[in-house]
Amino acid sequence: MIKIEVDMDLCQHYGQCVFEAPNLFKLNEDDKLEYHAEADDSEIENVEAAVDVCPMQAIRIVE
Ligand code: SF4
């Protein structure tokens, strides 16, 4: 199990993470980010890609 945290004070809702891990991140109807705080291990590459692509460095994988 992967645990994910997004610092919502940093997140600017750009949505790049949504493209990298669409099973876990989405923009809601108000264009605000919503995400799953827990993900299956099979998502690790997508989560790491989302971490890398986030321009605000807002996404963290919790050890
Ligand atoms: S890429 Fe980063 S700043 Fe953009 S919505 Fe995702 S967490 Fe927020």
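All values derive from a computational prediction rather than experimental measurement.

(A) Just the nonpolar core, in detail. Ile 4, Val 6, Cys 17, Leu 24, Phe 25, Leu 33 and Ile 59 are the most contacted members of the largest nonpolar core, which has 15 residues in total. Elements represented by at least two residues in this core include exactly β1 (2–6) and α2 (44–53). No other element matches the three residues that β1 contributes to this core.

(B) Structural view of the environment of Asp 52. Position of Asp 52 relative to the elements: it lies in helix α2. Residues Asp 52 and Glu 20, 32 residues apart in the sequence, show an inter-C-alpha distance of 9.6 Å.

(C) Expanded view of the site of the ligand. Looking at the ligand, there are 13 residues lining it, with Cys 11, Tyr 14, Gly 15, Cys 17 and Cys 54 nearest. Classifying every residue of the shell around the ligand gives nine nonpolar, four polar and no charged.

(D) Seen up close, the sheet that holds β1. Spatial ordering of the open sheet is given by β4-β1-β5, a layout of three strands whose pairing is antiparallel. Of all the strands in the sheet, just β4 (38–39) and β5 (59–62) have a single pairing partner and so form its edges. Pairing of β1 with β4 involves two bridges; the strand directions are antiparallel. Its bridge partner being in β4, Ile 2 is matched across the sheet by Ala 39. Against the sheet, α2 touches β1 and β5, its axis set at about 140° to β5.

(E) Representation of a negative patch on the surface. A surface patch of negative charge is lined by Glu 20, Glu 45, Glu 48 and Asp 52. A total of three residues in the negative patch trace back to one element, the largest contributor, which is α2.

(F) Seen up close, the pattern of salt bridges. All told, the structure shown has three salt bridges when counted by the stated rule. Residue Lys 3 pairs with Glu 38 through a salt bridge whose shortest N-O separation is 4.0 Å. Note that Lys 3 is positioned in strand β1 and Glu 38 in strand β4, a separation of 35 residues in sequence. Lys 3 gets classed as partly exposed once you look at its relative accessible area, which sits at 43%.

Criteria and cut-off values
Residues numbered from 1 in each chain as written. Predicted model: local features only at pLDDT ≥ 70, side-chain atom pairs only at ≥ 80, totals over all residues. Heavy atoms only, no water. Core = buried A, V, L, I, M, F, W, Y, C linked by side-chain atoms within 4.5 Å. Buried < 20%, exposed > 50% of the residue type's maximum accessible area, 1.4 Å probe, protein only. Helix = DSSP H or I, 4+ residues; strand = E, 2+ residues; numbered from the N terminus. Near = heavy atom within 4 Å. Nonpolar A, V, L, I, M, F, W, Y, C, P; charged D, E, K, R; others polar. Pairing = 2+ DSSP bridges. Contact = heavy atoms within 4.5 Å. Axes fitted to C-alpha atoms, helices over the stretch in contact; angles between N-to-C directions. Patch = residues over 30% accessible without salt bridge, like charges linked within 9 Å, V, L, I, M, F, W, Y side chains within 5 Å. Areas by Shrake-Rupley, 256 points an atom, 1.4 Å probe, with all protein chains shown as cover. Salt bridge = Lys/Arg side-chain N within 4 Å of Asp/Glu carboxyl O. Lys, Arg positive; Asp, Glu negative; His and termini not counted. Charge placed at Lys NZ, Arg CZ, Asp CG, Glu CD.

Just distances and angles here, no functional claims.
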